[in-house]
Amino acid sequence: MNSRIQQWVRPEIQALKAYHVPVAAGFVKLDAMENPYSWPAPLVDEWLATLRHVSLNRYPDPGAARLKQRLRSTFAVPAESEILLGNGSDELIQMILMAVAGPGRGVLAPEPAFSMYKIISAGVGLTYHGVPLNGDFSLDVPAILSAIAERRPAVVFICYPSNPTGNLFAREDIRAIIEAAPGVVVVDEAYSAFCDGSFFDDLPRYPNLLILRTVSKLGLAGLRLGFLVGGADWLHELDKIRLPYNISVMTQVSAEFALSHYSVLLDQTRRIRAERAYLAEALTALPEVTPFPSAANFILFRVAAGRAAEIFQRLKDRRVLIKNLDGSHPALHDCLRVTVGTPEENQAFLAALRAAL
């Protein structure tokens, strides 16, 4: 290794593995929890006409006021809560952790969890601690409360629905964690479009609660837009370290346009929910395959012991790309995860999986 890297890059950074995104060209792409549907042609034409009026020679609105108002009305953000925008939810996670970083401070999350919590924690010098979920992927509340009492974390992250398992944690369990946490609790609702639950109504009750959302799963992943909802006092502090003009003019105009046609996006999510139910039933019928309940746009499933890597590769050989989670966490042994695609993509996946088994 380069001696200057060894000298100057922190050891915890050198020990990390970068977030890996595989090449997917030519594959049935079911590995990244994306919405598989594009817009109808007339809507695309209308969007492109809107972009003709964008001034690329000028900086975007630094506060993205019109987009924030559109987000507030579309998602029924509580009137007393503020909104902070990020270049994807990853940037908002980074802002939160940068704001609280300091000697001896840490982050806590139930695991398995979204990998960026740990990666960004290391990046800003915070100690990360994962508390294993129960065998059924529910929260181990006594263990989490014990860890909170012992470690006094600055931030607790909870995915709702859970990533990568897809299930919804019990609401009262999450409330118990919020009440016990000495710092801020971030409920990550990245997959809220595919379930009927949210903690928006709990924001007035808990001043240490922040809710993280993204429009990526709605079919706008290419825009890289996340938004954080919470008390004005918290968001005022976080806004101080937000990079200026972090939301491009193209993202602001395109997101506002897309959300003005929210009914199209909702129709797509309804189709994804229906296909999720079909896919879960089809997986249940396969020998040596155990799918887990999901409230997201993906399904985690377990295959016969020791066969996950083999089946993943056989699917890949048939040009179907899903996610191999075996080895990423002890609770995910022999597990694969498939994004819910179009009916045609789901049929291609099932055919390839039957052949691979």
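This is a predicted model, so every value here is computed, not measured.

Parameters at a glance
Residues numbered from 1 in each chain as written. Predicted model: local features only at pLDDT ≥ 70, side-chain atom pairs only at ≥ 80, totals over all residues. Heavy atoms only, no water. Helix = DSSP H or I, 4+ residues; strand = E, 2+ residues; numbered from the N terminus. Rg over C-alpha atoms; globule rule 2.2 N^0.38 Å. Buried < 20%, exposed > 50% of the residue type's maximum accessible area, 1.4 Å probe, protein only. Areas by Shrake-Rupley, 256 points an atom, 1.4 Å probe, with all protein chains shown as cover. Lys, Arg positive; Asp, Glu negative; His and termini not counted. Charge placed at Lys NZ, Arg CZ, Asp CG, Glu CD. Pairing = 2+ DSSP bridges. Contact = heavy atoms within 4.5 Å. Axes fitted to C-alpha atoms, helices over the stretch in contact; angles between N-to-C directions. Polar contact = N/O pair within 3.5 Å; in protein donor to acceptor, adjacent residues only side chain to side chain. Core = buried A, V, L, I, M, F, W, Y, C linked by side-chain atoms within 4.5 Å.

Peer 1: Which residues make up the overall build of the protein chain, and what values go with them?
Peer 2: For the protein chain, the count of helices and strands is 13 helices and 13 strands. Rg of the C-alpha trace for the protein chain: 21 Å, near the compact-globule value of 21 Å for 357 residues, within the 12% margin. Along the three orthogonal principal directions, the C-alpha set of the protein chain runs to about 55 × 55 × 50 Å. Buried residues in the protein chain amount to 51% of all 357 residues. Entry remark: accessible area of the protein chain is about 16,500 Å², with carbon and sulfur atoms responsible for 54%. For the protein chain, the distance from the average position of its 35 positive side-chain charges to the average position of its 36 negative side-chain charges is 5 Å.

Peer 1: Describe the sheet that holds strand E10 (residues 298–303), naming the residues involved and giving the relevant values.
Peer 2: Strand order in the open sheet formed by four strands is E9-E10-E13-E12, and the pairing between neighbours is antiparallel. Here the strands that pair on one side only, and so sit at the sheet edges, are strand E9 (289–291) and strand E12 (323–324). As paired strands, E10 and strand E13 (residues 335–339) are joined by five bridges and run antiparallel to one another. Following the sheet pairing, Leu300 is matched in E13 by Arg337. Packing of helix H11 (residues 262–284) onto the sheet brings it into contact with E9, E10 and E13, and relative to E10 it is tilted by some 5 degrees.

Peer 1: Can you lay out the side chain of Thr165 for me, pointing to particular residues and giving the numbers?
Peer 2: You can see Thr165 is positioned in the loop between strand E5 (155–159) and helix H8 (171–180). Assessed through its relative accessible area of 0%, Thr165 is described here as buried. Only 2.8 Å separates the side chain of Thr165 from the side chain of Ser162, close enough to count as a polar contact. A polar contact of 2.4 Å, which involves the side chain of Thr165, links it to the side chain of Asn167. Look past the residues within four positions of Thr165 in its chain and what remains in contact with it is Pro112, Phe137, Pro293, Phe298, Leu300 and Leu332.

Peer 1: Any chance you could break down the side chain of Glu256 for me, citing the residues and the numbers?
Peer 2: Along the chain, Glu256 falls in helix H10 (residues 249–260). Among the residues examined, Glu256 registers a relative accessible area of 16% and is labelled buried. Within the structure, the side chain of Glu256 is placed 3.0 Å from the side chain of Arg66, a separation counted as a polar contact. Beyond its immediate stretch of four places on either side in the chain, Glu256 contacts Arg66, Leu67 and Arg70.

Peer 1: Could you give an account of the nonpolar core, naming the residues involved and the relevant values?
Peer 2: Of all hydrophobic cores here, the largest spans 87 residues; its most connected members are Leu283, Phe301, Ile322 and Phe349. Not counting the four nearest positions on each side in its chain, Leu283 is found in contact with Val289, Pro291, Ile299, Phe301, Phe349, Leu350 and Leu353. By size, the runner-up hydrophobic cluster in this structure holds 26 residues, among which are Ile93, Met116, Tyr128 and Val155.

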